[in-house]
2 protein chains.
Amino acid sequence: MRISEEKRKNFYKITTLFVLTIGFISYLFSQNLVAQALKIDPLPSWNQGMTKTSIIEFVNRVTIKDSPEFVPKEDRIAVFDHDGTLWPEEPFIQMMFVKERLKSMVKTDVSLREKQPFKTVLEDSKHDFDSDEKETTMNLFAFASARMTENQYKTEAKAFFAQGIHPTLNLPYTKVAYQPMVELMEYLRNNDFQTWICSKGAIDFIRIISQEMYGIPPQQVIGSSTTKEFIKNDGKSVMWRKDELDLFSDQLMKPVYIDLFIGKQPLFVAGNVRSEGDIGMLTFSQMQDNPSFQLLINHDDEQREFAYSEPGNGSLNAAQKNSWQVVSMKNDWKLIFNSKRMF
Amino acid sequence: MRISEEKRKNFYKITTLFVLTIGFISYLFSQNLVAQALKIDPLPSWNQGMTKTSIIEFVNRVTIKDSPEFVPKEDRIAVFDHDGTLWPEEPFIQMMFVKERLKSMVKTDVSLREKQPFKTVLEDSKHDFDSDEKETTMNLFAFASARMTENQYKTEAKAFFAQGIHPTLNLPYTKVAYQPMVELMEYLRNNDFQTWICSKGAIDFIRIISQEMYGIPPQQVIGSSTTKEFIKNDGKSVMWRKDELDLFSDQLMKPVYIDLFIGKQPLFVAGNVRSEGDIGMLTFSQMQDNPSFQLLINHDDEQREFAYSEPGNGSLNAAQKNSWQVVSMKNDWKLIFNSKRMF
């Protein structure tokens, strides 16, 4: 049977059009033009108001091609504190891991039962070690994750996150990310920012969940670290964890480690009110010729999360003096967690 | 004047086809399909042979979707040593910068003339400080780039690279990258590897040129570092460089810093024969469940670059024992530099 010339031509036309349309649509999606054209709200969990408006205005200022303050993609670095900025710090989740580790160490060596810090952990499960002990929480983390290989540590930490439930929020630890901050990081990435974490918390602890919870790969996490050695063990080379704190990434050391790991001043930095821990990196981000944005989260939502303030009020004072944008969790955030409580 | 219905229809058809074609072509380019379809040689400066074949076979093994050894994109980390692996180390280019700094320090303070290391630099411009001085070359770098802010240092280092000419190759320092290695890094990036540098050299020195010379952003450079402080100077916060070596990223510390900065074991590591400096990171990359690739560059091309060997032969022995791929610059590389000598 012969197909008419006309029909054959039409078939080619339709096929060509179909292929080209698919290509074009793929291109539009890859360029993120569809979302922009449809004016999809990039921050749906943020209430309308000053904070949300100022974030979006800043991103437009530095990313729109004709803007006098346009910043090239490679300089769009955004750095986020972790505890209290991306997830709750009541209790300090890393300390829950340390306590589990200490308990399991006692199980394999009962003689530890009367020694510190094991004794305290066994007798007072609510003790937070933060205020009255000589060892800092970071030293305790180094201690509880030491004398093993890096791979053994990773297995332990992954097991903790696979099972752990937040004691008051009743959510798995992997579900307690602040949804508005997850959206903010995604919004920044969609505008070609590279998103980083810079935390006082342990670098190897955050790296276990940073990709899954925040879309941040391990190599974009900065934090306190444990001394390691690359040694031979039973004739095999291993990465060995020592009982020793190496980097301690807090306060004025945060900008130093941002400089060490990134080598650039971030355009965008977010931290929170509690211990003046983020003033250093917020200041570091502001002292540059490029326009920059500083966000400071205030925990004022006792009902949906926690309410606490800072002795001395240093962070909020610095925010006022330097025109940093303060986030009221109560007023600026439509919701805090994306998941319903389990029970 | 009325345009016929026929003509109007044709105009719409052509316009639509044009827009869709542009979209489709953009899509193809964005997916890197064009190069693959045209079978463009990804490593044109590499001679055909075992080395080139084994690199391409490895990349196919870990990147082709149906391969039993497929590795997801996020785990495709490639780490390169710098001096002797990506650019020449005869002389140590960082030391040329140190010498210029020392000379300029003497100019502003003549009393330094009789002190060390200034005296040696002024009297013996060829002295390399590597073998007979108590201070290592890294300590000298810390010394010569200290007592200034990070921004001041960056200005100095950029000025050095803007003017400096390699003394024997007669090329600007920014043009002495090994072209085959530049191609290799681009080839790996086109296959969704993230390319990093891990050097004994100063992190802040390499970061000045890493993007321009190798397409590697500053935040993907690991190296030895100078201690810094975030302090107030005349009432202004500054990142201050101290005269003190901090990280010393050589030998067995290379895997430790790869773990600190990246948090993953690289799939692909390249180093070179000279001081056994890269055996550690090549070993680290090999001890994993994923398939991995180790490349060791042997400087055996006296005519086009330099020829030197390693006392004790540790690197080549390790390569043989562990089946690392050895590159003969003389036989494997069609050309070494992409630029013609200036004179």
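Anyway, here's the lowdown on the structure attached to this text. Keep in mind the model is a prediction, meaning the values are calculated, not measured.

Attention now moves to the environment of leucine 102 of chain B. Residues and elements named next belong to chain B. Secondary-structure assignment places leucine 102 in helix α4 (residues 93–108). Leucine 102 sits in the buried class, given a relative accessible area of 1%. C-alpha of leucine 102 to C-alpha of valine 121: the two residues are 19 residues apart in sequence and 7.5 Å apart in space. Aside from chain neighbours lying at most four places away, what touches leucine 102 is Pro117, Phe118, Val121, Phe143 and Ala144.

Residue and element names in this part refer to chain A. For helix α10 (residues 253–261), a buried count of eight out of nine residues is recorded, marking the element as mostly surrounded by other parts of the structure. Along α10, the positions that sit buried rather than exposed are Lys254, Pro255, Val256, Tyr257, Ile258, Asp259, Leu260 and Phe261. Taken from the residues just after α10, glycine 263 is the one with a positive phi, measuring 75°.

Below, the discussion takes up the sheet that holds strand β5 (residues 226–233) of chain B. Residue and element names in this part refer to chain B. Across the sheet, three strands lie side by side as β2-β6-β5; this open sheet has antiparallel pairing. Where the open sheet ends on each side, the last strands, each with one partner, are β2 (148–149) and β5. Of the pairings in the sheet, the one linking β2 to strand β6 (residues 236–245) comprises two bridges and is antiparallel in character. For methionine 148, the partnering residue across the bridge sits in β6 and is arginine 241. The strands that helix α6 (residues 137–144) touches are β2, β5 and β6; relative to β6, the one it contacts most, it runs at about 150°.

Many structure descriptions define interface size as the accessible area lost when the parts assemble. Taken together, the 42 residues of chain A in the interface contact 42 residues of chain B. Across the interface of chain A and chain B, roughly 3500 Å² is buried in total on both sides, 65% from carbon and sulfur atoms. When residues of chain A are sorted by the area they lose upon contact with chain B, Gln219, Phe230 and Leu260 of chain A head the list and together hold 20% of the total. Between the two partners, chain A and chain B, sit two salt bridges. Here lysine 228 of chain B and aspartate 259 of chain A are joined by a salt bridge, their closest N and O atoms 2.5 Å apart. Run the count over chain A and chain B and you get 14 residue pairs in polar contact (both at pLDDT 80 or more). Of all the elements, helix α1 (residues 5–30) of chain A adds the most residues to the side of chain A that touches chain B, at ten residues. Tallied by class, the residues present in the side of chain A that touches chain B amount to 21 nonpolar, 13 polar and eight charged.

Let's shift gears to the pairing of strand β8 (residues 293–298) of chain A. All names here are of chain A. Across the six residues of β8, six count as buried, placing the element largely inside the fold. What you see with β8 is no split at all: Phe293, Leu295 and Ile297 on one side and Gln294, Leu296 and Asn298 on the other are buried throughout. The sheet contact formed by strand β7 (residues 268–272) and β8 spans five bridges and is parallel. When the bridges of β8 are listed, glycine 271 appears paired with leucine 296. After leaving β7, the chain enters helix α11 (residues 279–286) and then returns to the sheet as β8, a path that is right-handed. Across four bridges, β8 lies against strand β9 (residues 325–328) in parallel orientation. Each bridged residue has a counterpart across the sheet, and for isoleucine 297 the counterpart in β9 is valine 327. In this fold, the crossover linking β8 to β9 by way of helix α12 (residues 314–322) has right-handed handedness.

Rules used throughout
- Residues numbered from 1 in each chain as written.
- Chains lettered and ligands numbered in written order.
- Predicted model: local features only at pLDDT ≥ 70, side-chain atom pairs only at ≥ 80, totals over all residues.
- Heavy atoms only, no water.
- Helix = DSSP H or I, 4+ residues; strand = E, 2+ residues; numbered from the N terminus.
- Buried < 20%, exposed > 50% of the residue type's maximum accessible area, 1.4 Å probe, protein only.
- Contact = heavy atoms within 4.5 Å.
- Pairing = 2+ DSSP bridges.
- Axes fitted to C-alpha atoms, helices over the stretch in contact; angles between N-to-C directions.
- Buried area = accessible area lost by both parts, 1.4 Å probe.
- Salt bridge = Lys/Arg side-chain N within 4 Å of Asp/Glu carboxyl O.
- Polar contact = N/O pair within 3.5 Å; in protein donor to acceptor, adjacent residues only side chain to side chain.
- Nonpolar A, V, L, I, M, F, W, Y, C, P; charged D, E, K, R; others polar.
- Right-handed = clockwise from strand over helix to strand, strands pointing away.

Just distances and angles here, no functional claims.
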